[in-house]
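# Observations on chain architecture
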Amino acid sequence: MTKQPRDDPFTVLNDARLATVLRRLYSEANRQHLSVIRHFLPHTLSFLRRRFMPFSESEMGGFYADKYIAIVEEQGAFCYLTARALRARTIFEFGTSFGLSTLWLAAAVRANGGGRVVTTEIVPDKARIARRNFEEAGLSDLIEVREGDAMASLAADPSDIDFVLNDGFPMRALDIVKLLASRIRPCGVVLTDDVGGFRGNYRDYLAYMRDRANGFDSMLIPLKGGTEYSVRR
Ligand SMILES: C[S@@+](CC[C@H](N)C(=O)[O-])C[C@H]1O[C@@H](n2cnc3c(N)ncnc32)[C@H](O)[C@@H]1O
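## Quick word on the overall build of the protein chain
The helix and strand inventory of the protein chain stands at 10 helices and seven strands. Taking 17 Å as the expected radius of gyration for a compact globule of 233 residues, we find that the protein chain reaches 17 Å, a close match to that expectation. Taken across its 233 residues, the protein chain has 37% of its residues classed as buried. Expressed as a percentage of contacts within the protein chain between residues at least 6 apart in sequence, the contacts between residues at least 24 apart total 74%.

Structural data, given as structure tokens:
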């Protein structure tokens, strides 16, 4: 029998320098898993019952201020391929953290012939380190990092957004979509992380995205326990 090649999400990038940076960042992110699990442990039962992140926005801001909480490699490759298929040149991201997702997105924009990724981060230290990571990967010329609350920093941009990665804290996911919706071009895509895992937090978000009157066709795809994939009509 012929041996099948191992699935390796980084192969889609075809960029050894970027893959090296991403592998390093993913291994740093993986080292934080234990402390994230420990933080969650007292809330496991109620979480399993309600699929609800039991922290307020400010509590999340405190604990996660130095945590990666990044999209997984398969989601990154999926973002890359989606942005390629869309021939995306303008991508907006809610939630940079240390920039792992942003790197996948910027690689796609570069492969599409250029453009920009506008990304947002409320924690100044994260924004600073993300910028350093973008330099190291050779992608900083394609990325604009906006510090502060994304609701303000994304308030006034022209239309024609090809792709939105909606990956900040769950309580703001719907506000961000409403803020950007009219600027997303027809057939543009919004991808929202953690919707399946934290279904309790995303109840209003799902109701909005599934209501065709709001201009999206939308479904949960089986990436990392459920990522909402929405296409602008
Ligand atoms: C899930 S993490 C993003 C992970 C990142 N997309 C990745 O895959 O590497 C969410 C990030 O959103 C940031 N954030 C939360 N609320 C924000 C807001 N209102 N404006 C900008 N950034 C925010 C948090 O500080 C955190 O770093």
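## Topic: the site of the ligand
Taken together, 19 residues sit near the ligand, with Ala70, Gly95, Ser97, Ser101 and Ala150 positioned nearest. Looking at the shell around the ligand, the elements that each hand over two or more residues are α6 (100–111) and β2 (116–121). Among the residues making up the shell around the ligand, the classes are represented as nine nonpolar, five polar and five charged.

## Describing unusual backbone geometry
Unlike most non-glycine residues, Arg51 shows phi in positive territory, near 50°. Residue position: Arg51 is located in the loop between α3 (44–50) and α4 (57–63). Owing to 18 C-beta atoms within 10 Å, Arg51 belongs among the partly exposed residues under this scheme. Phi at Ile69 takes a positive value of approximately 35°, unusual for a residue other than glycine. Looking at the secondary structure, you find Ile69 in the loop between α4 and α5 (73–85). On the basis of neighbour count, Ile69 is assigned to the partly exposed category, with 18 C-beta atoms found within 10 Å.

## Comments concerning the sheet that holds strand β1 (residues 90–94)
Pairing within the open sheet is mixed, and its seven strands lie in the order β3-β2-β1-β4-β5-β7-β6. Of all the strands in the sheet, just β3 (143–147) and β6 (216–221) have a single pairing partner and so form its edges. Going across the sheet, the axis of each strand differs from the next one's by a mean of 15°, ignoring polarity. With six bridges connecting them, β6 and strand β7 (residues 227–232) associate as antiparallel partners. Each residue of the ladder has a partner; that of Leu220, found in β7, is Glu228. Sheet strands touched by α6: β1, β2, β3 and β4 (161–166). Its angle to β2, the strand with the most contacts, is close to 165°. Packing against the sheet, helix α9 (residues 173–180) makes contact with β1, β4 and β5 (184–192), and its axis sits at approximately 170° to β4.

## Quick look at the pairing of β5
The sheet contact formed by β4 and β5 spans five bridges and is parallel. In the strand pairing of β5, Ile161 is matched with Ile184. Judged from the four bridges that link them, β5 and β7 form a sheet pairing that is antiparallel. By the bridge assignment, Leu191 is partnered in β7 with Tyr229.

## Here's the deal with α9
Turn by turn, an α-helix covers 3.6 residues, leaving residues three or four places apart pointing in a common direction. Taken together, the buried positions of α9 are occupied by Ala173, Ile176, Val177 and Leu180. Relative to the axis of α9, the buried residues are bounded by an arc of 100° and lie together on one face. Tucked into the core, α9 has its buried residues touching β1, α8 (150–153), β4, β5 and α10 (203–210).

Rules behind the numbers
- Residues numbered from 1 in each chain as written.
- Predicted model: local features only at pLDDT ≥ 70, side-chain atom pairs only at ≥ 80, totals over all residues.
- Helix = DSSP H or I, 4+ residues; strand = E, 2+ residues; numbered from the N terminus.
- Rg over C-alpha atoms; globule rule 2.2 N^0.38 Å.
- Buried ≥ 20, exposed ≤ 12 C-beta atoms within 10 Å, placed from the backbone.
- Contact = placed C-beta atoms within 7 Å.
- Near = placed C-beta within 6 Å.
- Nonpolar A, V, L, I, M, F, W, Y, C, P; charged D, E, K, R; others polar.
- Pairing = 2+ DSSP bridges.
- Axes fitted to C-alpha atoms, helices over the stretch in contact; angles between N-to-C directions.
- Arc of directions from axis to C-beta.

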